[in-house]
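# Inside the fold
In case you want the letters, here they are:
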Amino acid sequence: MNKYSWILLSVFMLLHLSGCSSSDKGDDIPSTGVDGIENKYVVYEVNPKLFGTSGAFNAIAGRLDEIKSLGVNVLWIMPVYEEGVLKSVGSPYCVKNYKQLNAQYGTLVELRSLVDKAHGKGMSVLFDWIANHTSWDNAWIENKAWYTQDAGGNIISPAGMGWADVADLNFDNTDMRKAMLDAMKYWVTEANIDGYRCDYADGVPDDFWKQAIAELKTLKGDDLVMLGEGSRSTLFADGFDMVFSFSFASKLQEVYAGKETLSTLYTTHKQEYANVPEGKQRLRYITNHDLASENSPLKVYKTDRGAMSAFVLTTMLAGSPLIYSSQEVGYASALSFFNTRTLDWSANAAYLAEYKKVMGIYTASDALRKGTLKTYETGSVATFYRESQKQKVLVLVNTTNQSQTVRIPIERAGDNVKSLLDGATSVLPASLELEPYQYCIWQKQ
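Residues numbered from 1 in each chain as written. Predicted model: local features only at pLDDT ≥ 70, side-chain atom pairs only at ≥ 80, totals over all residues. Heavy atoms only, no water.

## Observations regarding the nonpolar core
One finds Trp129, Met180 and Tyr196 to be the most contacted residues of the largest nonpolar core, which totals 129 residues. Once residues within four sequence positions are removed from consideration, Tyr196 is found in contact with Tyr81, Leu126, Phe127, Trp129, Ala183, Met184, Trp187, Val188, Leu216, Val225, Met226 and Leu227. Of all hydrophobic cores here, the second largest spans 13 residues; its members include Tyr385, Val417, Leu434 and Cys440. (Core = buried A, V, L, I, M, F, W, Y, C linked by side-chain atoms within 4.5 Å. Buried < 20%, exposed > 50% of the residue type's maximum accessible area, 1.4 Å probe, protein only. Contact = heavy atoms within 4.5 Å.)

Set out below in structure tokens:
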């Protein structure tokens, strides 16, 4: 029996209702994509430091077909700029020169080639923009008024953040803003990138983001894509297309640790989408460069099966999916983004194939990309139904490392369905047993 067999066999297991303590009550949640308005983005975060000690641009370009096969249409590349040395701790978010590439990664010609190849495969390219601060040896430091100062007139690091390696920029200074906007436009014109993922967006005034995005739109028009690393809903009004889901990611970890319920996760989802304008999205993820530096998702979610089930839940429930370079091959150790190393992208072919299958289901599904959402209280098994005019999909995900008997929602029991994992057709039973971290994805026929 292969590793996927347990996912498929449970569809046919008809069990008794006894022993199920969960309720069939459904909870209608506002659609995360009004029917007919598609969630357009699947984001892949590229950490150049995982592509070897040199030539990252060429190495990334060589893996674009594999990345594209995951359904990706937005390539977010972590900071590629010259890094600071003074007070440095090795962070790529410590920028010495906004208009100079990190020579370790390659040349401007190689970067342009990477962007062109990504465009040829239908992927937008975002640079990582660090607007809140610079390195201490950035040339801007000579303009003391461009930086935040203490009562004694000394330039300071961002208050309360513990980032001693960087100096905090002063957005009350008009000249600094002009220089920042000029640098942001530089890469759009010189490398033909399509937008930015903006680091610590909450630390930068809304009026700057509004101005920056408006001016970048004069260069890229509707092709501009902007992703804000922040939590405040005003970022959408500033012009960002996607904003991070910090609360959802944190709550998901607590669910898998047995510290929170799925009901609270659904509530968090609703809260994060309460002020999201139509056509905008929250970025949903199980890991990223910050989280992966602390722990592998395989450890956070207990096993590779746990990490996969968490990814399925997160991706299928709502929002714009994010895949961080390394999670698709199930890397088992923490990967600090301060360090350079070379990953073996062929180390876990079966896991990568499963990621491709899951993302193939997602990108091909009208309901999962833009359907309305209804969740059900079924204990520790995430159960939700997504429906568009063209398609209806039921998803079940066991969030525990124990087998679980789950009752199928009463209005779904008896449905003729097709498994989107293997194409097998069946009639949904009243209840079934799910193996640890098992997931099922069915389309109503």
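## Remarks on the sheet that holds strand E2 (residues 43–46)
Pairing is parallel in the closed barrel, where 8 strands are placed in the order E2-E3-E6-E9-E10-E11-E12-E13. Neighbouring strand axes in the sheet, compared pairwise and without regard to direction, differ in orientation by 25° on average. Summarising the sheet, strand E11 (residues 242–244) and strand E12 (residues 281–284) pair through 3 bridges and their orientation is parallel. Its bridge partner being in E12, Phe244 is matched across the sheet by Leu283. (Pairing = 2+ DSSP bridges. Helix = DSSP H or I, 4+ residues; strand = E, 2+ residues; numbered from the N terminus. Axes fitted to C-alpha atoms, helices over the stretch in contact; angles between N-to-C directions.)

## Considerations on the pattern of salt bridges
If you walk through the whole model with that rule in mind, you get 23 salt bridges. Lys121 serves as the salt-bridge partner of Asp65, at 2.6 Å between the closest nitrogen and oxygen. Here Asp65, found in helix H3 (residues 64–68), pairs with Lys121, found in the loop between helix H4 (108–120) and strand E6 (124–129); they are 56 residues apart in sequence, far enough to count as distant. What makes Asp65 exposed here is its relative accessible area of 53%. Measuring nitrogen to oxygen at the nearest pair gives 2.4 Å for the salt bridge that ties Lys356 to Glu66. Residue Lys356 is located in helix H13 (residues 349–364), and its partner Glu66 is located in helix H3; the two are separated by 290 residues in the primary sequence. Take Lys356: its relative accessible area is 29%, and that puts it in the partly exposed class. Accessibility expressed as a relative area gives 27% for Glu66, which makes it partly exposed. Residues joined by salt bridges that share partners form a network here, namely Asp128, Arg197, Asp199 and Glu229. (Salt bridge = Lys/Arg side-chain N within 4 Å of Asp/Glu carboxyl O.)

## Focus on the layout of surface pockets
Considering only enclosed or pocket space, the largest pocket measures out at about 320 Å³ in volume. For the largest pocket, the lining is made up of 17 residues, of which Ser91, Tyr93, Trp163, Asp290 and Phe337 are closest to its centre. Here the residues of the lining of the largest pocket sort into 8 nonpolar, 4 polar and 5 charged. (1 Å grid on protein atoms, 1.4 Å probe; cavity = no way out; pocket = protein on both sides within 12 Å on 5 of 7 lines; lining within 4 Å. Points joined across faces, edges and corners; volume = space filled by probe spheres on them. Nonpolar A, V, L, I, M, F, W, Y, C, P; charged D, E, K, R; others polar.)

## Digging into the environment of Thr383
As for its position among the elements, Thr383 is in strand E15 (residues 381–387). With 114 residues separating them along the chain, Thr383 and His269 place their C-alpha atoms 14 Å apart. Setting aside residues no more than four positions away along its own chain, Thr383 makes contact with Tyr266, Lys374, Thr375, Tyr376, Thr378, Leu394, Val395, Leu396, Val406 and Pro409. Here Thr378 takes part through its side chain, which lies 2.6 Å from a polar atom of the side chain of Thr383. (Polar contact = N/O pair within 3.5 Å; in protein donor to acceptor, adjacent residues only side chain to side chain.)

## Digging into the packing of aromatic side chains
Per the stated rule, a full pass over the model turns up 25 aromatic pairs. Look at Trp140 and Trp146: their rings are 5.2 Å apart centre to centre, the planes differ by 80°, and that puts the pair in the edge-to-face class. Ring centres 5.3 Å apart and planes at 85° place the aromatic pair Trp163 and Tyr200 in the edge-to-face group. Here Trp163 is found in the loop between strand E7 (133–135) and strand E8 (166–168), whereas its partner Tyr200 is found in the loop between strand E9 (195–198) and helix H6 (206–220), with 37 residues between them in sequence. Looking at Lys87, its charged tip hangs above the ring of Trp136, at a distance of 3.9 Å from the centre. The side chain of Arg284 reaches across the aromatic face of Phe248, ending 3.9 Å from its centre. (Phe/Tyr/Trp six-rings, centres within 6.5 Å; stacked < 30°, edge-to-face > 60°. Lys NZ or Arg CZ within 6 Å of the ring centre and 35° of its normal.)

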